[in-house]
2 protein chains.
Amino acid sequence: MGKYAIGVDFGTLSGRTVLVDIANGAELATSILDYPHGVMSDALPGGRTLGVDWALQHPQDYLDVLESTVPEALRSSGVKPEEIVGVGIDFTACTPLPVTEDGTPLCFLEEFEDEPHAYVKLWKHHAAQPYANRLNEIAAARGEPWLARYGGKISSEWLIPKIWQIFAEAPEIYARMAHFVECADWVVWMLTGAPSRNACLAGYKAMWSKREGYPPSDFFEALDPGLRDVTRQKLSIPIRTQGECVGGICPEMARRTGLNAGTPVATGNVDAHVSVAGVGITGPGKMLAIMGTSTCHMLMSEREHDVPGICGCVEDGILPGFFGYEAGQPCVGDHFAWLAHNAVPERYFAEAAQAGLDIHAYLQRLAEKLEPGESGLLALDWWNGNRSVLVDADLTGMMLGMTLQTKAEEMYRALVEATAYGTRMIIENFETHGVPIEQFIAAGGIADKSPWAMQVYADVIRKPIRISGSAHGTALSAAVFGAVAAGARRGGFDSIAEAAAAMGKLRDVEYSPDPARAAVYDALYAEFKALHDYFGRGVNDVMKRLKQMRIHALSSRER
Amino acid sequence: MGKYAIGVDFGTLSGRTVLVDIANGAELATSILDYPHGVMSDALPGGRTLGVDWALQHPQDYLDVLESTVPEALRSSGVKPEEIVGVGIDFTACTPLPVTEDGTPLCFLEEFEDEPHAYVKLWKHHAAQPYANRLNEIAAARGEPWLARYGGKISSEWLIPKIWQIFAEAPEIYARMAHFVECADWVVWMLTGAPSRNACLAGYKAMWSKREGYPPSDFFEALDPGLRDVTRQKLSIPIRTQGECVGGICPEMARRTGLNAGTPVATGNVDAHVSVAGVGITGPGKMLAIMGTSTCHMLMSEREHDVPGICGCVEDGILPGFFGYEAGQPCVGDHFAWLAHNAVPERYFAEAAQAGLDIHAYLQRLAEKLEPGESGLLALDWWNGNRSVLVDADLTGMMLGMTLQTKAEEMYRALVEATAYGTRMIIENFETHGVPIEQFIAAGGIADKSPWAMQVYADVIRKPIRISGSAHGTALSAAVFGAVAAGARRGGFDSIAEAAAAMGKLRDVEYSPDPARAAVYDALYAEFKALHDYFGRGVNDVMKRLKQMRIHALSSRER
């Protein structure tokens, strides 16, 4: 009898299960389900339209992932349910959901099915920006000590701005919810029947810390008197640390997934943070970048540094014993998908089909023939705002250098380069503030599929790049925590370090900076930096004013 | 027997002939030929590749236009050759060509057919920018008095930078050419056998003036000792004024076009300047904008004002008795064509076909549903550089405000709006410097085909807009000059004013600014202006540096 763990990774557009041999990390089966409802940014399923910057999901999609991909992974691997020692899951974040006392999503109730605030607010729901702005003003004015841990700014993507938006805009939903839960925790709750909150998400997305807990109620009262007791009233589920076993699979979910009832399930985790274990990182000096629709950057240090513009610094937030730092770019692959969907002419698709390539591979084939600087283009990678180092969802995209000769593959390359400049900005910001980086490890879809993009990144950031050894590294990493939840007693591991050593892996390839191309990129990065600061640091707030005009025009239309 | 005139308009992509009743301007027939060689910006017909910013044409295409469209217009109208009182032609400018003593284009000689410099340099050939830059430096340093007439800067599109480029890069072509002629004059030469230079082009594009002639030879010597006698050696054909009769159709061209030999042919003219007569403008206060791939702005005043950043102020340059001012935007319809060709996805074309619309009409149908500000986008209309008021071909396009929701029709609208902001910049620049504008009259393809674009322009510029009464207004206007060349004695008119009164026409429609939309555009225009000055007036020369890097990358590739 073998010993296997299951990891389920809930991404932005789909969920995937991998079934992993815990002795060596070998992946025996993978199964993916695209979410039936996808990302809802225009309207609810019933037709109700959404405002600017909304991004919702339907929680039924997550249950569909479990009921479809777990049985499929078992079936296709031939592994028996009794050979599964544990299950780990990870999720996008902050992706929270209002639920009743027993965990029923409010959007499952007929009375709320046309109420946008009853649904999952996806991480990239940015309509809470006004609340984040107000929160940041108040926290700064009060000199809240915890603010420095989050780079001096709380993102509109995080939990408190999102629940404040519900409180202000849909008081009946606020009143009706018993808990506002991260979907990472909700899925674990549905699997086990046991409610839990995980320390990583509480720390990175809800301003909780191991030493101080949540911010005090007088801070929340300063936001709005009605929010005074928000943490006690809506965030009261006990917090559990990463790798703990929350419980066993409940009988109902055992029936639906084909797993044995009682199989250990680990505390929920965040897709980015969970992944560090899957590439074998066990300490400081190595940055892991999970590059997909967006990019998250994970880094550890023995000490706590105040680094401005990061997403958070949480003690034990990534691995026990270290301060875990997170930074991020909210739009990476999404840029390329936007371009392919909105700004690439038909002939490229025909030529791609003829070459037997998908559109991204075809655009890359054309783009990689160009030298740095040859397109004459420069972009700011802000199609979905800027998370680090500006922490401002109201920034928007920019491209310049277009001529009548500009072609789609040049714009494609410019967007890839822009995301690399954004990454260099984050790296330099960490290093300037005392957290050095020796190696850059990339995981996720882009790292996996695009050697060309990885070479561009190496040339831009001037650091060697290693790649995650798994095409499903996040799900693999979730499986690592599943094996830890089991513990040695039930066939797994007793520590994350042991599990990571056995199951984590890197590909046998390294991308090294090319000196000539890196020199050209130094010059282009200097131009990027100047425009980054001009548009992003308040010299010319044109992007914010245009966004306000857009919101005004759209709301005038609705009236 | 009726009395008719023929006008032939040579545009950027095609040539068209209209056959016009000189009693009332009624257009009896139109015939168009797309240039077989189009615009050559990548390679010569023989395969030799061209550099960055090159734009050439093949003079055979112009002869093809005459031999195809004139007979077709005669045929389809049923008008007899003896009923044609005169012929006028107009051309893009500055579009010059090196020829032998008898007018043979050097590119017709076998020895030069693979030599780029032997071909027509189309107006938008921008590869002479380094020569224009040097010329402007030298002229400014010497305090050349004529410089103020051209807004303080000579464009790389004009004749002297273009012939200097030939002198420097292809000395054998420079040595071999007997004349460097505007194609407007070359076509008249081919039609009549009589060489002539027209005063409008000599004035606007070759720094000639009625009172002072060309700049003195010591100025040209300062550019390069070898250019000292350039005007005497290469620009020596006598200058004739607008509306003069250069000669009659020669027997050979009578045979090829179906016109009678001896039919009077007017001095060559520029497409933009010729058109003033065709909309009935006879004096100051009315700006004519010819809106096609690019836009030219024509305006007259009784006095000479130094207006910075215009293309030229030429005495008698538009109509006798006035100082004629020209300004321009080198890329207007070309923006929309670029977008449609390079950045509109296939589904739009399918939907357009289903709606029975061409892609531009379909994008407009979507774009016109948006309110000002609703797209959240702002562009600088510099895909082909900026002519007025910055006179800088090294500037490039910019767009900002993009999000993951941005759609093609929003970018389309942003580009239309950007060209309108560029026009407002030009209008304000004239008014600030003493040349008032009461009415704006638009002609050309965009004015003719897009009521929506005209309303956007009216809202942006806050002035009423009238539209040329002819869909072929430029060719009609050329016909006006054909009728003037005939003179009353041969059945035409003795003055441009008389001919313009009889044949010129405006459509019975006026676009008035909408106060609410104009107010939003005021705010957007303020943002445009700030970025215009930031990128265009030297605060951040990133566009120029990127262009240099592009040129460097391309030339490294060739080596």
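Per chain, the residues get numbers from 1 upward, laid out in the order the sequence is written. Here every chain gets a letter starting at A, and every ligand a number starting at 1, in the order they are written. Local features are withheld for residues below a pLDDT of 70 in this predicted model, meaning they are given only at 70 or higher, and side-chain atom pairs are given and counted only at 80 or more; totals for whole chains, interfaces and linings count all residues. Values shown for side chains rest on all heavy atoms present in the structure; no hydrogens or waters enter the calculation.

Help me understand the confidence of the model for chain A, please; the structure alone is not making it clear to me.
Close reading of the predicted structure is inappropriate where its pLDDT is low. Per-residue confidence for chain A gives a mean pLDDT of 95; residues scoring 70 or more make up 100%. Per the prediction output, this complex has pTM 0.81; the corresponding ipTM is 0.81. As a per-residue quantity, pLDDT reports the predictor's confidence and falls between 0 and 100.

Would you mind showing me how to read the interface of chain A and chain B here?
How big an interface is tends to be stated in terms of the accessible area lost upon association of its parts. Any pair of residues with heavy atoms lying within 4.5 Å of one another is described as a contacting pair. Counting residues at the interface gives 58 residues for chain A, matched by 58 residues for chain B. Defined in terms of a 1.4 Å probe, buried area is the accessible area two parts forfeit on being brought together, summed over both. Buried surface at the junction of chain A and chain B, summed over both partners, amounts to about 4600 Å²; 59% is from carbon and sulfur atoms. Salt bridges are identified by distance alone: a Lys or Arg side-chain nitrogen within 4 Å of an Asp or Glu carboxyl oxygen. Between chain A and chain B we count 4 salt bridges in total. Any pair of N or O atoms that falls within 3.5 Å is considered a polar contact. Within protein, one atom must be able to donate a hydrogen and the other to accept it, and sequence-neighbouring residues count only if both atoms are side-chain atoms. In this assembly, chain A and chain B are joined by 21 residue pairs in polar contact (both at pLDDT 80 or more). Helix and strand assignments come from DSSP, with helices taken as H or I runs of at least 4 residues and strands as E runs of at least 2, each series counted from the N terminus. Looking at which element gives the most residues to the side of chain A that touches chain B, the answer is helix 20 (residues 542-558) of chain A, with 9 residues.

Explain the pattern of salt bridges to me, please; I cannot follow it from the model alone.
Opposite charge on two side chains lets them pair, provided their charged atoms get close. By the definition in use, this model includes 66 salt bridges over all chains. Glu428 of chain B is paired through a salt bridge with Lys529 of chain B; the nearest N and O atoms lie 3.5 Å apart. Placement of Glu428 of chain B in helix 14 (residues 408-432) and of Lys529 of chain B in helix 19 (residues 515-536) is noted, with a sequence separation of 101 residues between them. Burial classification: accessible surface area is computed with a 1.4 Å probe over protein chains only, and a residue below 20% of its type maximum counts as buried, one above 50% as exposed, and the rest as partly exposed. In this structure Glu428 of chain B comes out as partly exposed when scored by relative accessible area, which is 24%. Exposure remark for Lys529 of chain B: the relative accessible area of 34% places this residue in the partly exposed category. Salt bridges sharing common partners tie together Arg424, Glu428, Arg462, Asp522 and Lys529 of chain A.

What exactly am I supposed to notice about the packing of helix 13 (residues 359-367) of chain B against helix 14 of chain B here?
Residues and elements named next belong to chain B. Running from N to C, helix 13 and helix 14 cross one another at 90 degrees; their axes reach a closest spacing of 9 Å. Taken together, the axes of helix 13 and helix 14 lie roughly perpendicular to each other. In contact with His360, Leu363, Gln364, Leu366 and Ala367 of helix 13, helix 14 contributes Ala408, Glu409, Tyr412 and Arg413. Counted by class, the contact of helix 13 with helix 14 contains 5 nonpolar, 2 polar and 2 charged residues. With axes taken as lines fitted to C-alpha atoms, and helix axes fitted only over the stretch in contact, angles between N-to-C directions fall between 0 and 180 degrees. Comment on the angle field: the value is read as roughly parallel under 35 degrees, roughly antiparallel over 145, roughly perpendicular from 65 to 115, and oblique elsewhere. In this classification, Asp, Glu, Lys and Arg are treated as charged, Ala, Val, Leu, Ile, Met, Phe, Trp, Tyr, Cys and Pro as nonpolar, and every other residue, Gly included, as polar.

What should I look at first to understand the sheet that holds strand 17 (residues 323-329) of chain A in this one?
What holds strands together in a sheet is hydrogen bonding between their backbones, with the strands either parallel or antiparallel. Residue and element names in this part refer to chain A. When DSSP finds two or more bridges between two strands, those strands count as paired. Read from one edge of the open sheet, 7 strands run 16-17-15-14-20-21-22, paired in mixed fashion. Here the strands that pair on one side only, and so sit at the sheet edges, are strand 16 (312-315) and strand 22 (506-511). On average, each strand axis in the sheet is inclined to that of its neighbour by 25 degrees, with strand direction left out of account. Its contacts with the sheet place helix 14 (residues 408-432) against strand 14 (286-291), strand 15 (295-301), strand 17 and strand 20 (439-443), and it is angled at close to 150 degrees to strand 17.

It is not clear to me how the packing of aromatic side chains should be interpreted in this structure. Could you clarify?
Think of a pair of aromatic rings as described by two things: how far the centres are apart, and how the planes are tilted against each other in angle. For Phe, Tyr and Trp, rings pair up if their centres lie within 6.5 Å, where Trp contributes its six-membered ring, and each pair is then called stacked (planes under 30 degrees apart), edge-to-face (over 60) or tilted (otherwise). Per the counting criterion, the structure on display carries 37 aromatic pairs over all chains. Both rings, one in Tyr150 of chain A and one in Trp158 of chain A, keep their centres 5.6 Å apart while their planes meet at 70 degrees; by these two values the pair is edge-to-face. On the basis of relative accessibility, which here comes to 1%, the residue Trp158 of chain A falls in the buried class. With a centroid separation of 6.0 Å and an interplanar angle of 85 degrees, the aromatic rings of Tyr325 of chain B and Phe430 of chain B are classed as edge-to-face. Of this pair, Tyr325 of chain B sits in strand 17 (residues 323-329) while Phe430 of chain B sits in helix 14, placing them 105 residues apart in sequence. Look at Tyr325 of chain B and you get buried, because its relative accessible area is 0%.

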